[in-house]
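# Structure at a glance
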Amino acid sequence: MARTIDIAIPDQSGKLAVITGASDGIGFVIATRLAGAGAEVIMPVRNPAKGAKAADRIRGLVPGAKIATRALDLSSLDSVAALADQLVGEGRPIDILINNAGVMTPPSRQVTEGGFELQFGTNHLGHFALTVGLLPLLRQGRARVTHQTSIAARRGAINWGDLNWERSYDVRKAYSQSKIAVGLFARELDERSAVAGWGITSNLSHPGVSPTNLLAAQPGMGRQTDTGSVRTIRVLSRLGLTGTIDTAALPALLAATGPDSRGSEFFGPSGRSNLRGAPARRDLWPPLRGMDDARRLWEVSEGLVGVRFPA
């Protein structure tokens, strides 16, 4: 009989958690677990109907759950700013922010409303701008911010000479760049918070490999059918050779709620090749170690999105 993999979530009563990408997959599990631990959960979603359905599912699983949805399209900086302004206007301090949403390997090069390569613009720049906009609430809540990266960040680099991949586009290298950027942002946010006294703790996690919808059919992104990769992952997951969606959510939950979790730490599955297993602290992968790169990315990102973190 296979060993059940799980962690205990400390009581989150009275806390407010904001989780991007929570309408399905790993984000949905994270939202459900935090609601079950007593947190009030906000789910920013791109598809309002899908978000409402997910919120209703969580209420069915967690009687009395405090769940709300908000509109957010991370590929639109206007949408990001609108959500940040709305939440700041509501004035509720944020205790947990989990930057979980993402897109992966569109069938052709695509760009955001602002002209950024879709994966870099959504996975990194959208979350960068959101975190900037929510900074007053994060500081008030002395928040823990957890950033979801990917095993695609184990190798690769930031393509400094062509961040938007306008020349020699490689969809997988572009995805890897976006997830390396997520990790570097996580580390620099923690560094700057410590220096400036913002009171924010920033760390990062990765889910291993599990049968999420990242590689499934995405008609809005031009992918009409499931990829062969996701069909293979579903089989491997059933065989216990990769994680499940439930176990893939655990590293982010440990990073965001673990009483001993610290800033700039990295959490992921502890099994072979980081594919599956119980969540644990992991060594940073080489592309995530360079703080010079982290500072450079921060400064470049401020220029690209047109917003700056205060000192």
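Preceding this paragraph is the structure being described.
Residues numbered from 1 in each chain as written. Predicted model: local features only at pLDDT ≥ 70, side-chain atom pairs only at ≥ 80, totals over all residues. Heavy atoms only, no water.

## Focus on the overall build of the chain
- A tally of regular secondary structure across the chain gives 10 helices and eight strands.
- Put simply, the chain has 311 residues, and 54% of those count as buried.
- Across the chain, every contact between residues at least 6 apart in sequence was considered, and the portion connecting residues at least 24 apart equals 73%. (Helix = DSSP H or I, 4+ residues; strand = E, 2+ residues; numbered from the N terminus. Buried < 20%, exposed > 50% of the residue type's maximum accessible area, 1.4 Å probe, protein only. Contact = heavy atoms within 4.5 Å.)

## Quick look at the sheet that holds strand S7 (residues 266–269)
- The strand order across the open sheet built from eight strands is S3-S2-S1-S4-S5-S6-S7-S8, with neighbouring strands paired in mixed fashion. Looking at the sheet topology across the chains shown, the edges are occupied by strand S3 (66–71) and strand S8 (279–281). Sheet twist, expressed as the mean angle between neighbouring strand axes with direction ignored, is 20 degrees.
- Helix H3 (residues 77–90) contacts strand S2 (40–45) and S3 of the sheet and is inclined by roughly 140 degrees relative to S3.
- Along the sheet, helix H6 (residues 171–196) contacts strand S5 (144–148) and strand S6 (201–205); its crossing angle with S6, the most-contacted strand, is approximately 155 degrees. (Pairing = 2+ DSSP bridges. Axes fitted to C-alpha atoms, helices over the stretch in contact; angles between N-to-C directions.)

## Observations regarding the packing of helix H1 (residues 25–36) against helix H9 (residues 250–257)
- Direction vectors running N to C along H1 and H9 enclose 45 degrees, while the axes themselves pass 9 Å from each other. On the basis of their axis angle, the class for H1 and H9 is oblique. Here H1 runs over H9; the crossing is right-handed. For the pair H1 and H9, the contacting residues are Ile30, Arg33 and Leu34 in the first and Leu250, Ala252, Leu253 and Thr257 in the second.
- Classifying every residue of the contact of H1 with H9 by side-chain character gives five nonpolar, one polar and one charged. (Parallel < 35°, antiparallel > 145°, perpendicular 65-115°, else oblique. Left-handed = near helix turned anticlockwise from the far one by under 90°. Nonpolar A, V, L, I, M, F, W, Y, C, P; charged D, E, K, R; others polar.)

## What about the pairing of S6?
- For S6, a buried count of four out of five residues is recorded, marking the element as mostly surrounded by other parts of the structure.
- Relative to S6, S5 runs parallel, the two being bridged by five bridges. Counterpart to Thr146 in the pairing with S6 is Asn203.
- Regarding topology, H6 serves as the crossover connection from S5 to the parallel S6, and that connection is right-handed. (Right-handed = clockwise from strand over helix to strand, strands pointing away.)

## Observations regarding the environment of Gly36
- Relative to the helices and strands, Gly36 resides in helix H1.
- Placed 27 residues apart in sequence, Gly36 and Pro63 show a C-alpha to C-alpha distance of 8.5 Å.

## Some remarks on the nonpolar core
- Residues Leu134, Leu138, Leu288 and Phe309 are the most contacted members of the largest nonpolar core, which totals 49 residues.
- Among the secondary structure elements, those contributing two or more residues to this core are strand S1 (16–19), H3, helix H4 (118–133), helix H5 (135–141), H6 and helix H10 (291–305).
- Residues Ile9, Ile30, Ala31 and Leu250 belong to the second largest nonpolar core, which totals 31 residues. (Core = buried A, V, L, I, M, F, W, Y, C linked by side-chain atoms within 4.5 Å.)

## Here we look at the packing of aromatic side chains
- All chains considered together, the criterion is met by four aromatic pairs.
- Residues Phe128 and Trp298 carry aromatic rings whose centres are separated by 5.6 Å and whose planes lie at 80 degrees to one another, so their mutual orientation is edge-to-face. Of the two residues, Phe128 is situated in helix H4 and Trp298 in helix H10; the sequence distance between them amounts to 170 residues.
- Judged by relative accessible area, Phe128 falls into the buried class, the value being 1%.
- Classification of Trp298 as buried rests on a relative accessible area of 2%.
- Judged by centre distance (5.7 Å) and plane angle (50 degrees), the ring pair of Phe185 and Trp298 falls under tilted. (Phe/Tyr/Trp six-rings, centres within 6.5 Å; stacked < 30°, edge-to-face > 60°.)

## With respect to the pairing of S3
- Sheet topology places S2 next to S3; six bridges connect them, and they run parallel. Counterpart to Met43 in the pairing with S3 is Thr69.

## Regarding H6
- Across its 26 residues, H6 extends 37 Å between first and last C-alpha, which sits within 8% of the 38 Å expected from 1.5 Å per residue.
- A positive phi of about 75 degrees marks Gly197, the residue just after H6. (Expected span 1.5 Å × (residues − 1).)

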